[in-house]
Amino acid sequence: MIQSMTGFGKATLQLATKKITVEVKSLNSKGLDLNVRMPSVYREMELGLRNQISQSLERGKVDFALYIEVTGEETSTKVNAPIVKAYMSQMRAILADADETELMKMAVRMPDALKTERDEIDENEWKQILTVISEALANINNFRADEGASLEKEFQLRIANIRLYMEQALELDPERVQNIKNKLQTAIDELKVTVDENRFEQELIYYLEKLDITEEKVRLTNHLDYFIETLNGKEANGRKLGFITQEMGREINTMGSKSNHAGMQKLVVQMKDELEKIKEQVLNVL
């Protein structure tokens, strides 16, 4: 089962005095491009957290955010009373008749009027936070799996369409061969020369062998089968599927260059269109 690199996961935890919210978003990327946002108090835990995220998500442009909302009376930011009083005293000296409330409003906006005391990490609290982080990662992986199921249906449809167009092109092959024979015979008749029929047949066979698409059909069929086999395998991944689509493209392009028939060329264009849609979506596969 394939997974998409696009996903979103969220989980929350209510503690005694704070609410913890974890959000994880991911888009496609060649590797793991991880951006972590979290309160400074937990920064020393970031390295271990990055390892946990990378092991869970593997690839993608990932935005991880840990939010803390204080819901109780606890706060790490306090008024620096001596500094505020000093500011008010200085401003009172300048504005003797100033209102005390206005002086207070101005003072608390001045530098160092508020001080933030650094909290120490509570080990029990961090264990609870790790639990909610794991929940958010599980949620985004479930999202990715659902997206992957949708992608798989899309791939199955596109591969089936390519097979159909290829078979339709092969049905036109006898007509194409006959057209080539007729063109060559007409050219010889217009030259009004006598040719050795055996030699003509030999040259015709040689020319038709050059335009034969049987080998391309066999190889393309093998690539289509391998794509589906990989899609259903346990080790399906976007890189491998991308390599297979490149091989499919080579065979389809060769068919187009050999076709020499308007109907077949139209079907080849349709195959290319289906393949491009596959390539676009393969970029989203983990």
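Just above, that's the structure.
Residues numbered from 1 in each chain as written. Predicted model: local features only at pLDDT ≥ 70, side-chain atom pairs only at ≥ 80, totals over all residues. Heavy atoms only, no water.

Another point: the overall build of the protein chain. Broken down by element type, the protein chain carries nine helices and six strands. When burial is assessed residue by residue, the protein chain has 36% of its 286 residues classed as buried. Long-range contacts, defined here as pairs at least 24 residues apart, represent 79% of the contacts in the protein chain between residues at least 6 apart. For the protein chain, the exposed area adds up to about 17200 Å²; of that, 51% sits on carbon and sulfur atoms. (Helix = DSSP H or I, 4+ residues; strand = E, 2+ residues; numbered from the N terminus. Buried < 20%, exposed > 50% of the residue type's maximum accessible area, 1.4 Å probe, protein only. Contact = heavy atoms within 4.5 Å. Areas by Shrake-Rupley, 256 points an atom, 1.4 Å probe, with all protein chains shown as cover.)

Turning to the pattern of salt bridges, a few remarks are in order. Tallied over the full model, the rule gives 17 salt bridges. For Glu-251, the salt bridge identified is with Arg-219, shortest N-O distance 3.1 Å. Of this pair, Glu-251 sits in helix H8 (residues 238–259) while Arg-219 sits in helix H7 (residues 214–232), and the two are 32 residues apart along the sequence. Judged by its relative accessible area of 34%, Arg-219 falls in the partly exposed class. Taken together, the shared-partner salt bridges connect Glu-215, Glu-216, Arg-219, Glu-251 and Lys-258 into one network. (Salt bridge = Lys/Arg side-chain N within 4 Å of Asp/Glu carboxyl O.)

All right, on to the layout of surface pockets then. Here the second largest pocket defines a volume of roughly 330 Å³. Considering the residues around the second largest pocket, the lining is formed by 15 residues, among which Gly-238, Arg-239, Gly-242, Val-282 and Leu-283 are closest to the centre. Of all elements in the fold, only H8 and helix H9 (262–282) reach the threshold of two or more residues within the lining of the second largest pocket. Ranked by the residues each element gives to the lining of the second largest pocket, the list is headed by H8, at six residues. In the lining of the second largest pocket, the residues fall into five nonpolar, six polar and four charged. When residues of the lining of the second largest pocket are assigned to domains, at least three map to each of domain 1 (7–72 + 122–145) and domain 3 (146–283). (1 Å grid on protein atoms, 1.4 Å probe; cavity = no way out; pocket = protein on both sides within 12 Å on 5 of 7 lines; lining within 4 Å. Points joined across faces, edges and corners; volume = space filled by probe spheres on them. Nonpolar A, V, L, I, M, F, W, Y, C, P; charged D, E, K, R; others polar. Domains from an automatic or database assignment.)

Residues Phe-155, Ile-162, Leu-220, Phe-227, Met-248, Met-271 and Ile-278 are the most contacted members of the largest nonpolar core, which totals 27 residues. Of all the elements in the fold, those that place two or more residues in this core are helix H4 (123–171), H7, H8 and H9. Not counting chain neighbours up to four residues away, the residues in contact with Leu-220 comprise Ile-162, Met-166, Met-248, Glu-251, Ile-252, Met-255 and Met-271. If you look at the next biggest cluster of nonpolar residues, it comprises 24 residues, including Ala-11, Ile-129, Val-132 and Ile-133. (Core = buried A, V, L, I, M, F, W, Y, C linked by side-chain atoms within 4.5 Å.)

Tallied over the entire structure, the rule returns two aromatic pairs. With centroids separated by 5.6 Å and ring planes inclined at 85°, the aromatic side chains of Phe-155 and Phe-227 adopt a geometry described as edge-to-face. Here the residue Phe-155 occupies a position in helix H4, and Phe-227 occupies one in helix H7, the gap between them amounting to 72 residues. Under the relative-accessibility criterion, Phe-155 is labelled buried at 0%. (Phe/Tyr/Trp six-rings, centres within 6.5 Å; stacked < 30°, edge-to-face > 60°.)

For the rest of this paragraph, the subject is the sheet that holds strand S1 (residues 7–14). The strands that make up a sheet are held in pairs by hydrogen bonds between backbone atoms, and each pair lies either parallel or antiparallel. Strand order in the open sheet formed by four strands is S1-S2-S4-S3, and the pairing between neighbours is mixed. Whereas interior strands pair on both sides, the edge strands pair on one side only; in this sheet they are S1 and strand S3 (32–37). Put simply, the sheet's adjacent strands are angled 10° from each other on average, direction ignored. As defined by bridge partners, strand S2 (residues 18–27) adjoins strand S4 (residues 60–70) across 10 bridges and the pair is classed as antiparallel. Its bridge partner lying in S4, Thr-21 is registered against Tyr-67. Of the strands in this sheet, S1, S2 and S4 touch H4, which is tilted by about 155° from S1. (Pairing = 2+ DSSP bridges. Axes fitted to C-alpha atoms, helices over the stretch in contact; angles between N-to-C directions.)

Turning next to the packing of H8 against H9. Packed helix pairs are specified by the crossing angle of their axes together with the interaxial distance, meaning the distance between the axes. In contact at an axis separation of 10 Å, H8 and H9 are set at 165° when each is read in the N-to-C sense. Here H8 lies roughly antiparallel to H9, going by the angle between them. Taken as a pair, H8 and H9 cross one another with a handedness that is left-handed. Residues Gly-238, Leu-241, Gly-242, Thr-245, Met-248, Gly-249, Ile-252, Asn-253, Met-255, Gly-256 and Ser-259 of H8 lie in contact with H9, whose contacting residues are Met-264, Gln-265, Val-268, Met-271, Lys-272, Leu-275, Ile-278, Lys-279 and Val-282. Partitioning the contact of H8 with H9 into residue classes produces 10 nonpolar, eight polar and two charged. (Parallel < 35°, antiparallel > 145°, perpendicular 65-115°, else oblique. Left-handed = near helix turned anticlockwise from the far one by under 90°.)

Moving on, we come to the pairing of S1. In this structure, S1 lies alongside S2, joined through eight bridges in antiparallel fashion. Its bridge partner being in S2, Lys-10 is matched across the sheet by Glu-23. Here S1 folds back onto S2, and the loop between the two strands holds three residues.

On to unusual backbone geometry. At Glu-58, a residue that is not glycine, the phi angle is positive and equals roughly 65°. By the element assignment, Glu-58 lies in the loop between helix H1 (46–57) and S4.

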